[in-house]
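Notes for the structure review
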Amino acid sequence: ASVVLVNGANQKTVKTCSQYLDAIRQGMNYPYPNGMDFPFVERCYALMYLRSAQDSSKSFLASQWTEDVLDRLPPFRVGVESDLEAKADAARKRGESWKQFDPTMKVMERSAHHVMFQNETDRWSLDIVAQGDFNHDGYEDQVVIACDSGVTHGSGFCFPMVLTAYAPEKVMTLISAP
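Residues numbered from 1 in each chain as written. Predicted model: local features only at pLDDT ≥ 70, side-chain atom pairs only at ≥ 80, totals over all residues. Heavy atoms only, no water.

1. Some remarks on the pattern of salt bridges
Counted according to the given criterion, the structure contains four salt bridges. Of the charged contacts, one joins Asp89 and Arg92 as a salt bridge, the two residues approaching to 2.2 Å between their closest N and O atoms. Of the two residues, Asp89 and Arg92 both sit in helix 4 (residues 82-93), three residues apart, roughly one turn of that helix. Of the residues examined, Arg92 reaches a relative accessible area of 24% and is grouped as partly exposed. Of the charged contacts in the structure, one is a salt bridge between Glu96 and Arg94, with a shortest N-O distance of 2.8 Å. (Salt bridge = Lys/Arg side-chain N within 4 Å of Asp/Glu carboxyl O. Helix = DSSP H or I, 4+ residues; strand = E, 2+ residues; numbered from the N terminus. Buried < 20%, exposed > 50% of the residue type's maximum accessible area, 1.4 Å probe, protein only.)

Okay, here's the thing in structure tokens:
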């Protein structure tokens, strides 16, 4: 199988995770949604993080999405207008959950490793793809592939991020995102 990546008018076809990750580091993007390619992308990011994983000595993360997911997720905005990104960053620094940041956001689907939530304009889908201690601080982390697609326009993008929790029942911490 191969995956087509884009950057403006430029396209690049990759066939391995190594080629994919190199192309992403060089500024190529994975257009979402692209149907059958998505599992390939998930596996590549999971592999990248798992290569550096250590055993964790503490864990405050559930191994699956729970009913209170919007109370536990921090707000994140990547690739949108800088004003909204700055507001999400400020809310994260205050320790706010996504539900506090945007009370209009509602969970539409939830299963063990997949959750989708939306408001009037944004739709997010998150998939847990790996767990381990990826930043070597002793706490268990989760690699999540987050996909943003507008409710009305349907186009968007996917990116990996790493989340952790340093205490039970608290808002997760965003460790890394593009």
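2. Things to note about empty space enclosed by the protein
Enumeration over the complete set of coordinates arrives at one cavity of 30 Å³ or more. What the largest cavity holds in volume is close to 90 Å³. Along the walls of the largest cavity sit Leu61, Ala62, Gln64, Trp65, Thr66, Asp68, Val69, Arg72, Gln142 and Met172, which together make up its complete lining. Residue composition of the lining of the largest cavity, grouped by class: five nonpolar, three polar and two charged. (1 Å grid on protein atoms, 1.4 Å probe; cavity = no way out; pocket = protein on both sides within 12 Å on 5 of 7 lines; lining within 4 Å. Points joined across faces, edges and corners; volume = space filled by probe spheres on them. Nonpolar A, V, L, I, M, F, W, Y, C, P; charged D, E, K, R; others polar.)

3. Let's talk about the packing of aromatic side chains
All told, the structure shown has seven aromatic pairs when counted by the stated rule. For the pair Tyr49 and Phe134, a centre-to-centre distance of 5.7 Å together with 65 degrees between the ring planes defines the contact as edge-to-face. Highlighted residues: Tyr49 in helix 2 (residues 38-50) and Phe134 in the loop between strand 6 (122-132) and strand 7 (141-150), separated in sequence by 85 residues. Residue Tyr49 shares its accessibility class with Phe134, and that shared class is buried. Judged by centre distance (5.8 Å) and plane angle (70 degrees), the rings of Trp98 and Trp124 are edge-to-face. Taken together, the positions of Trp98 in helix 5 (residues 98-101) and Trp124 in strand 6 put the pair 26 residues apart, joining distant regions of the chain. (Phe/Tyr/Trp six-rings, centres within 6.5 Å; stacked < 30°, edge-to-face > 60°.)

4. Side note on the pairing of strand 6
Along strand 6, eight of the eleven residues are buried, which leaves the element largely enclosed by surrounding structure. Linking strand 5 (residues 114-118) back to strand 6 in an antiparallel pair, the connection comprises three residues. Relative to strand 7, strand 6 runs antiparallel, the two being bridged by ten bridges. Across the sheet, the residue bridging to Ala130 is Val143, located in strand 7. (Pairing = 2+ DSSP bridges.)

5. Looking at the state of the cysteines
Inspection of the entire model under this criterion finds one disulfide. Here Cys17 is linked by a disulfide to Cys44, with a sulfur-sulfur distance of 2.2 Å. Judged by the sign of its S-S torsion, about -85 degrees, the cystine formed by Cys17 and Cys44 is left-handed. Here Cys17 is found in helix 1 (residues 17-25), whereas its partner Cys44 is found in helix 2, with 27 residues between them in sequence. In this pair, the class of Cys17 matches that of Cys44, namely buried. (Disulfide = S-S within 2.5 Å.)

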